[in-house]
Structures are given as C-alpha cells and as structure tokens.
Amino acid sequence: MNIDILTSDQVAQLSHLISDAKNIIITCHKSPDGDAIGSTLGWAEYLRSIGKEPTIIVPDQYPDFLSWIPNTEKIVRYDKHPEKCDMLFKIADLVFCLDYNTTSRVDEMEKALVSSTAPKVLIDHHLDPDVPAVLTISHPDLSSTCELVFRIVWQLDGFNRLSKQFAIPIYCGMMTDTGGFLYNSTRSEIYFIIGELLTKHIDKDKIYRNVYHNYSESRIRLMGFVMYEKLVYLPESHAAYYSLTRQEQKRFHFIKGDAEGLVNIPQQIKGLKLSISLREDTDKPNIVWVSLRSVDDFPCNKMAEEFFNGGGHLNASGGRINGTMEEAIATVNRAIEAYDTLLKK
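About the criteria used
- Residues numbered from 1 in each chain as written.
- Predicted model: local features only at pLDDT ≥ 70, side-chain atom pairs only at ≥ 80, totals over all residues.
- Heavy atoms only, no water.
- Buried < 20%, exposed > 50% of the residue type's maximum accessible area, 1.4 Å probe, protein only.
- Helix = DSSP H or I, 4+ residues; strand = E, 2+ residues; numbered from the N terminus.
- Pairing = 2+ DSSP bridges.
- Polar contact = N/O pair within 3.5 Å; in protein donor to acceptor, adjacent residues only side chain to side chain.
- Contact = heavy atoms within 4.5 Å.
- Expected span 1.5 Å × (residues − 1).
- Arc of directions from axis to C-beta.
- Axes fitted to C-alpha atoms, helices over the stretch in contact; angles between N-to-C directions.
- Salt bridge = Lys/Arg side-chain N within 4 Å of Asp/Glu carboxyl O.
- Phe/Tyr/Trp six-rings, centres within 6.5 Å; stacked < 30°, edge-to-face > 60°.
- Lys NZ or Arg CZ within 6 Å of the ring centre and 35° of its normal.

(A) Region of interest: the pairing of strand E10 (residues 287–294). Among the eight residues of E10, six are classified as buried, and the element is accordingly described as predominantly covered. In this structure, strand E9 (residues 274–280) lies alongside E10, joined through seven bridges in antiparallel fashion. In the strand pairing of E10, Arg-279 is matched with Trp-289. In this antiparallel pair of consecutive strands, E9 and E10, the connection spans six residues, and Asn-286 shows a positive phi of 60 degrees.

(B) How the structure looks around the side chain of Thr-72. By the element assignment, Thr-72 lies in the loop between strand E2 (55–58) and strand E3 (76–77). There is a polar contact of 3.2 Å between the side chain of Thr-72 and the backbone oxygen of Ile-69. Residues within four places of Thr-72 in sequence aside, it is in contact with Ile-37, Leu-41, Tyr-62, Leu-66 and Ser-67.

(C) Quick look at helix H1 (residues 8–20). With 13 residues, H1 ought to run about 18 Å at 1.5 Å a step, and its terminal C-alpha atoms sit 18 Å apart, in line with that. When H1 is considered as a whole, its buried residues turn out to be Leu-14, Leu-17 and Ile-18. Angular distribution of buried residues about the axis of H1 spans 95 degrees; they occupy a single face of the element. With respect to the buried face of H1, the exposed residues turned more than 90 degrees away are Ser-8, Asp-9 and Ser-19. Elements that come into contact with the buried residues of H1 comprise helix H2 (34–49), strand E4 (94–98), strand E5 (120–124), strand E6 (135–138) and helix H5 (145–155).

(D) Inspection of the sheet that holds E9 at higher detail. Pairing within the open sheet is mixed, and its six strands lie in the order E7-E8-E9-E10-E12-E11. The open sheet has two edge strands, strand E7 (232–234) and strand E11 (311–312), and neither has a second partner.

(E) Representation of the sheet that holds E2 within the structure. If you trace the six strands from one edge of the open sheet to the other, you get E3-E2-E1-E4-E5-E6, paired in parallel fashion. Strands with a single pairing partner mark the edges of an open sheet, and in this sheet they are E3 and E6. Here strand E1 (residues 24–27) pairs with E4 via four bridges, running parallel. The residue of E4 that forms the bridge with Ile-25 is Val-95. Strands E1, E2, E4 and E5 of the sheet are contacted by H2, whose axis makes an angle of about 160 degrees with E1. Across the sheet, H5 touches E4, E5 and E6, and the angle it forms with E5 is around 115 degrees.

(F) Examining the pattern of salt bridges more closely. Evaluated as defined, the whole model comprises twelve salt bridges. The partner of Glu-45 in a salt bridge is Arg-48, and the shortest N-O contact between them spans 3.0 Å. In this pair, Glu-45 and Arg-48 both sit in helix H2, three residues apart, roughly one turn of the helix. Across the pair Arg-77 and Asp-79 runs a salt bridge whose closest N-O atoms are separated by 2.8 Å. Through salt bridges with shared partners, a single ionic network connects Lys-30, Asp-60, Asp-107 and Lys-256.

(G) Main features of the environment of Lys-250. Structurally, Lys-250 is set in helix H10 (residues 246–251). Owing to a relative accessible area of 63%, Lys-250 belongs among the exposed residues under this scheme. Sequence spacing of Lys-250 and Thr-282 is 32 residues, and the spatial spacing of their C-alpha atoms is 8.6 Å.

(H) Local environment of unusual backbone geometry. With a phi angle near 80 degrees, Asn-71 is a residue other than glycine that sits in the positive phi range. For His-238, which is not a glycine, the phi torsion comes out positive at approximately 55 degrees. Structurally, His-238 can be placed in the loop between E7 and strand E8 (239–244).

(I) How the structure looks around the packing of aromatic side chains. Summed over the entire model, instances satisfying the criterion amount to 15 aromatic pairs. Summarising the aromatic geometry, the rings of Phe-150 and Trp-154 are spaced 5.6 Å apart at their centres and angled 25 degrees between planes, so their arrangement reads as stacked. Linking Phe-150 with Trp-154, this pair stays in helix H5, spanning four residues, or about one helical turn. When the ring of Trp-154 is compared with that of Phe-192, the centres are 5.5 Å apart and the planes differ by 85 degrees; the resulting orientation is edge-to-face. Residue Trp-154 is found in helix H5, and its partner Phe-192 is found in helix H7 (residues 188–198); the two are separated by 38 residues along the sequence. Classification of Trp-154 by relative accessible area gives partly exposed; the value is 27%. Taken together, Phe-150, Trp-154, Phe-159, Phe-166 and Phe-192 form an aromatic cluster joined through their ring pairs. Its end group placed over the ring of Phe-159, Lys-200 keeps NZ or CZ at 4.4 Å from the ring centre. Note that Arg-251 overlies the ring of Phe-225, its terminal NZ or CZ placed 5.0 Å from the centroid.

Structure below.
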C-alpha cells in the first residue's frame with residue numbers, strides 16, 4: 001500500500017535539514033494530549049535512530065495517564081525550566097513544530113519559538129496552518145499527527161530500524177486522537193499502519209488500558225457527578241452539554257487529564273449529534289475551555305470557530321471563552337440555537 005505523503009523535493013529538503021542540524025528541538029502545543037506527546041516522542045525516536053540527539057520541549061504539563069509512555073522522562077517542560085528552554089531555542093539550528101497549526105497554541109513558549117532563528121518544520125493535521133516554516137507538512141484529512149509521523153518515517157525508509165520505543169507512542173497518539181478509533185478512522189491506510197506497528201510487538205490492549213483504565217477514584221466519581229448532576233440534555237436539538245466549575249474540580253481533587261474523554265460519554269445517548277464540555281481553567285480566572293464532539297456530518301469545527309474562538313476537525317474541536325461560566329453557558333445555548341436546523345436534520 002502506498003502511504004507516501006511527501007513529494008520528492010520535500011523528502012530531499014527534509015533530509016537535508018536534518019542532516020545539517022546539530023541542535024534539534026521538537027515542540028508541541030499547550031496542554032499536550034496523546035497525539036502531541038506521541039508524535040513528539042515517536043519523531044524523536046526516529047531522529048535518534050539516525051544519530052541525532054533532539055530535545056523535546058513542551059509548554060506545560062501533560063496528563064498523568066501518558067507518563068508511562070517510553071522516554072517521557074526526557075521531555076523538558078517550558079513552564080518549569082523557561083531559562084534553560086530559552087537558551088536551547090537560541091542555539092537551535094532546527095525546530096520541529098508538531099500537532100499545532102499556529103504559534104499561539106504554544107502559549108507562553110511562543111516568544112522563544114518565534115524569536116528562534118532556526119528553520120522550522122511544521123508537521124500537523126489541523127486546518128489553516130500559519131506557522132512560519134521552511135517546510136510545511138499539513139494534512140487535515142489524516143487522523144492524527146502521529147499518523148503523519150509514521151508516514152514520513154516510512155517514506156524516509158526508517159521504520160525497519162525502529163523498535164517498540166517508536167511504535168508505542170505512535171499507536172497511542174493515533175488511538176487517542178480518534179477516540180479509540182471511533183471517529184476519523186475509516187480509511188484503510190490507518191489499519192495498514194496499525195498492522196505494521198504490531199510487528200514491533202506492541203501490546204495494543206495494554207496501551208488502551210494504560211490510557212483509558214488508569215484514572216483515580218476521584219476521577220470516576222467526577223464522571224458520575226458530571227453525568228448525573230451537570231449534564232443538560234436537549235432532546236429536540238439532539239444536543240447535550242455540561243459545565244465544570246473550578247470549585248467542582250477542587251471538590252473532586254481534579255488533576256490534569258481528569259476531564260479527558262468526558263465529552264464523549266453523552267454521545268452514547270441515542271440520536272445525539274453534538275456534545276459540548278465547558279470547564280473553568282483551574283489557574284486563570286474568567287477562562288472557560290470548550291470541547292466539542294459530533295457525529296456524521298455535523299461541523300462542530302465551524303461552531304467552534306464561530307462561537308468559541310477555536311476550531312479543529314469536523315467531529316472533534318475545541319476553543320475557549322474569555323468570561324464567566326454563566327456567559328459560557330449562554331454562548332452554548334446561542335450556538336445550539338444558531339445550528340438548530342442542522343442539528344434537527
């Protein structure tokens with residue numbers, strides 16, 4: 001099966017950039033998810049296999065349920081070591097930007113990233129990339145940035161020399177960015193890639209358990225609370241939403257990652273087309289994070305762009321509201337009303 005995504009000129013340019021570089025940095029977006037962590041770790045493993053020693057710098061903390069992935073201990077957090085990271089950006093001669101389409105998504109790391117004189121390579125699957133890169137590898141039609149990384153490594157003829165240290169994070173990122181292969185995963189190429197990853201003797205069932213069966217008791221109780229007490233179901237609009245305040249998160253000893261996947265649960269309701277999550281930022285006041293999930297052809301990415309200062313994919317998107325939770329709930333109701341015809345279609 002042909003899974004190549006680079007032109008011959010892009011292959012030559014990428015190979016040349018890597019060959020000439022001595023101080024390589026790999027970055028991803030703020031609040032890294034499975035695809036961000038998986039793609040950076042997988043790409044770093046490939047670069048190490050050809051004799052490079054890249055440094056992975058992430059803006060802030062990633063969820064605890066990803067900490068089991070091999071080599072996470074090598075990741076440097078910008079929020080913990082800003083001076084060290086600023087120095088690394090200054091001496092870098094190549095920077096990879098993985099799983100984000102615009103520099104604002106790296107948050108407080110943006111200044112160091114943008115001011116770096118190193119050539120940048122973007123590898124991403126989000127719409128409308130505007131990162132100033134010498135090489136942009138952007139495929140919004142693909143399931144994940146991890147899928148992109150696999151395809152690039154495959155085309156560079158690097159897969160055979162790699163081990164499960166590469167396969168585990170790549171599989172994990174593909175799995176998490178498709179909700180366990182429940183959405184955006186109907187193309188045959190995805191399952192060809194999975195088959196190849198399995199040749200590296202990964203335990204895909206264990207990877208699933210490590211991600212989805214790795215929560216605290218408090219998280220399970222939080223899930224019950226949200227679904228019983230906070231879920232607002234709008235049957236005529238085939239939509240549902242819930243809100244989670246800072247106080248409620250404190251009540252359930254919230255840690256980063258505890259809200260992961262909650263927005264998918266209301267989709268188990270028969271006939272539901274849209275599920276929206278609202279969560280107050282635990283550190284900064286008047287910021288509400290928004291996650292949207294939809295089914296079939298309902299464009300939650302368009303809703304995210306129009307109402308929530310965000311965007312994303314057709315069936316999985318996100319954004320934020322600068323305001324109170326009350327204002328966020330009012331915005332959700334306006335959004336659902338605006339898209340009522342499509343939701344009832």
